[in-house]
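Overview (structure and organization)
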Amino acid sequence: MTDYGSFPGTRPRRLRVNPVMRRMVAETRVHPADLILPAFVREGISEPVAISAMPGVVQHTLDTLRKAAAEAASAGVSGIMLFGVPEEARKDATGSAGTDPDGILQVAIRAVKAEVGDDLLVMSDLCLDEFTDHGHCGVLDGEGRVDNDATLERYAEMAQVQADAGVHVVGPSGMMDGQIGVVRDALDTIGKEDVAILAYTAKYSSAFYGPFREAVGSSLRGDRKTYQQDPANAREALRELALDLEEGADMVMVKPALPYLDILARIAESSDVPVAAYQISGEYAMVEAAAEKGWIDRDAAILETLTGIKRAGASMILTYWATEAAHRL
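Nothing here was measured: the structure is a model prediction, and the numbers come from that model.

Focus on the overall build of the protein
Looking only at helices and strands, one finds eleven helices and ten strands in the protein. Here the C-alpha radius of gyration of the protein, 21 Å, is about what a compact globule of 329 residues would show, namely 20 Å. Taking the principal axes of the C-alpha coordinates as reference, the protein spans close to 85 × 45 × 40 Å. Across the 329 residues in the protein, those meeting the buried criterion constitute 50%.

Okay, here's the thing in structure tokens:
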């Protein structure tokens with residue numbers, strides 16, 4: 001037998017010999033407390049409505065939403081991000097249902113807060129797209145463009161009604177310039193200094209939002225490329241981060257997650273506040289579809305994607321698998 005002496009002198013495989021060893025030396029761990037569950041609640045339904053492109057995800061009734069929130073809290077999930085789906089007849093050009101104290105999102109906030117109290121962070125999407133008849137994230141000007149500053153006035157109103165409903169955290173997601181500062185001022189003006197802001201800091205104009213449009217019953221005409229970030233740009237995300245922090249963001253987010261892990265890593269390195277990533281509908285749908293075809297191991301793929309997002313620097317992960325993953329973790 002050939003004598004190779006001490007070659008190889010270093011054997012990294014020693015630290016991979018069995019599950020206990022691999023667990024002990026793991027550099028990245030996903031914990032239930034890292035997870036936030038996005039959830040949709042739809043006005044005017046008596047039973048949950050399945051979302052065809054997102055197997056296992058539904059548009060909730062108020063009753064099933066309360067149940068989902070309680071289950072998430074019991075599993076150790078930290079938060080639930082609520083998206084309201086109004087009846088079609090309630091949509092209008094300014095998204096008035098989004099600022100109606102009795103609109104579906106405000107009703108849902110109160111219902112979930114009554115169910116879980118402070119055991120689960122009740123978080124709310126602060127955007128108009130679910131409530132406008134044109135599907136954009138703001139009000140339109142006379143030429144059909146999103147009017148940034150007029151939209152900020154609507155966001156201020158929306159922040160206040162969500163805070164009055166009892167929300168712990170608002171998530172301004174429209175990518176309007178100045179939105180964090182306006183929302184912070186609006187909250188402070190009514191004595192809601194304790195309501196935190198999770199800024200959608202780097203929200204890209206992505207092809208992976210498709211299933212979400214079904215989930216919220218989107219009425220979108222056109223696209224959002226004039227206000228969401230261009231997928232080609234990275235430095236721009238750091239500029240958005242600096243602005244959001246200057247305006248008072250308590251937490252910041254990158255959305256989507258997996259196609260933008262480089263952006264997530266750069267923001268995590270630069271940010272002095274917690275960083276979230278949103279594993280969006282298209283990411284969820286791809287894994288579920290491939291698993292349904294038998295092409296991948298579903299459970300392993302879910303954990304691997306969450307680990308990759310955490311490894312890239314996310315403090316929190318919004319994922320439709322939050323409760324399921326928390327049970328397994």
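Re helix α3 (residues 104-116)
The end-to-end C-alpha distance of α3 is 18 Å, a good match for the 18 Å that 13 residues give at a rise of 1.5 Å each. Buried residues along α3 sit in contact with β1 (35-42), α2 (62-75), β4 (79-85), β5 (121-126) and α4 (148-165). Positive phi shows up at Gly 117, right after α3, with a value of about 60 degrees.

Here we look at a nonpolar patch on the surface
On the surface, a cluster of nonpolar side chains totalling about 280 Å² of accessible area is made up of Leu 15, Met 24 and Val 25. Of note, Val 25 is situated in helix α1 (residues 19-25). Classification of Val 25 as partly exposed rests on a relative accessible area of 34%.

Some remarks on the pattern of salt bridges
For the coordinates displayed, the defined rule picks out 16 salt bridges. The closest approach of N and O atoms between Asp 100 and Arg 90, which form a salt bridge, is 3.4 Å. With Asp 100 in the loop between β4 and α3 and Arg 90 in the loop between β4 and α3, this residue pair connects regions lying ten residues apart in the sequence. Taking the relative accessible area as the measure of exposure, Asp 100 reaches 23% and is therefore partly exposed. Judged by its relative accessible area of 27%, Arg 90 is partly exposed. Two residues, Glu 324 and Arg 328, come together in a salt bridge whose shortest N-O distance is 4.0 Å.

As for the pairing of β5
Burial analysis of β5 places five of its six residues in the buried class, the great majority of the element. Here β4 runs beside β5; their pairing, made up of four bridges, is parallel. Bridging across to β5, Ile 80 finds its partner in Val 122. Since β4 and β5 lie parallel, the crossover through α3 that links them has a hand, and here it is right-handed. Summarising the sheet, β5 and strand β6 (residues 169-172) pair through four bridges and their orientation is parallel. Of the residues in β6, the one forming a bridge with Ser 124 is Val 170. Chirality of the crossover, the property in question, places the unit of β5, α4 and β6 among those that are right-handed.

As for unusual backbone geometry
Negative phi values dominate among residues other than glycine, just as trans dominates among peptide bonds. Here the residue pair Lys 255 and Pro 256 is connected by a cis peptide bond, since its omega of -5 degrees sits within 30 degrees of zero. In this structure, Pro 256 sits in the loop between β8 (251-255) and α8 (261-270).

Description of the nonpolar core
Note on soluble globular proteins: their nonpolar side chains tend to be buried together. Ranked by internal contacts, the top residues of the largest apolar core, which has 94 residues, are Ile 80, Leu 82, Tyr 155, Ile 263 and Ile 267. What Ile 80 contacts, discounting residues up to four positions off in sequence, is Ile 36, Leu 37, Ala 39, Leu 65, Ala 69, Val 112, Leu 120, Leu 121, Val 122 and Met 123.

Some remarks on α4
Over its 18 residues, α4 runs 26 Å from end to end, which matches the ideal 26 Å to within 8%, given 1.5 Å per residue. For α4, the full list of buried residues reads Thr 151, Leu 152, Arg 154, Tyr 155, Ala 156, Met 158, Ala 159, Val 161, Gln 162, Ala 163 and Ala 165. Elements that come into contact with the buried residues of α4 comprise α3, β5, β6 and α5 (179-189). With a side-chain oxygen lying 3.3 Å from the backbone nitrogen of Asp 149, the N-terminal cap of α4 falls on Asp 147. Gly 166 sits one or two positions beyond α4 and adopts a positive phi of about 110 degrees.

Brief notes about the environment of Val 107
Of note, Val 107 is situated in helix α3. As a C-alpha pair, Val 107 and Gly 84 span 23 residues in sequence and 9.3 Å in three-dimensional space. Ignoring sequence-local partners within four residues, the contact set of Val 107 consists of Leu 62 and Asp 102.

Some remarks on the environment of Gly 117
Note on placement: Gly 117 falls in the loop between α3 and β5. With a relative accessible area of 24%, Gly 117 lands in the partly exposed category. Separated by 49 residues in sequence, Gly 117 and Gly 166 have C-alpha atoms that sit 9.6 Å apart. If sequence neighbours within four positions are ignored, Gly 117 has contacts with Val 112 and His 168.

About the cut-offs
Residues numbered from 1 in each chain as written. Predicted model: local features only at pLDDT ≥ 70, side-chain atom pairs only at ≥ 80, totals over all residues. Heavy atoms only, no water. Helix = DSSP H or I, 4+ residues; strand = E, 2+ residues; numbered from the N terminus. Rg over C-alpha atoms; globule rule 2.2 N^0.38 Å. Buried < 20%, exposed > 50% of the residue type's maximum accessible area, 1.4 Å probe, protein only. Expected span 1.5 Å × (residues − 1). Contact = heavy atoms within 4.5 Å. Patch = residues over 30% accessible without salt bridge, like charges linked within 9 Å, V, L, I, M, F, W, Y side chains within 5 Å. Areas by Shrake-Rupley, 256 points an atom, 1.4 Å probe, with all protein chains shown as cover. Salt bridge = Lys/Arg side-chain N within 4 Å of Asp/Glu carboxyl O. Pairing = 2+ DSSP bridges. Right-handed = clockwise from strand over helix to strand, strands pointing away. Core = buried A, V, L, I, M, F, W, Y, C linked by side-chain atoms within 4.5 Å. Polar contact = N/O pair within 3.5 Å; in protein donor to acceptor, adjacent residues only side chain to side chain.

Bear in mind that shape data such as this cannot, by itself, settle questions of function.
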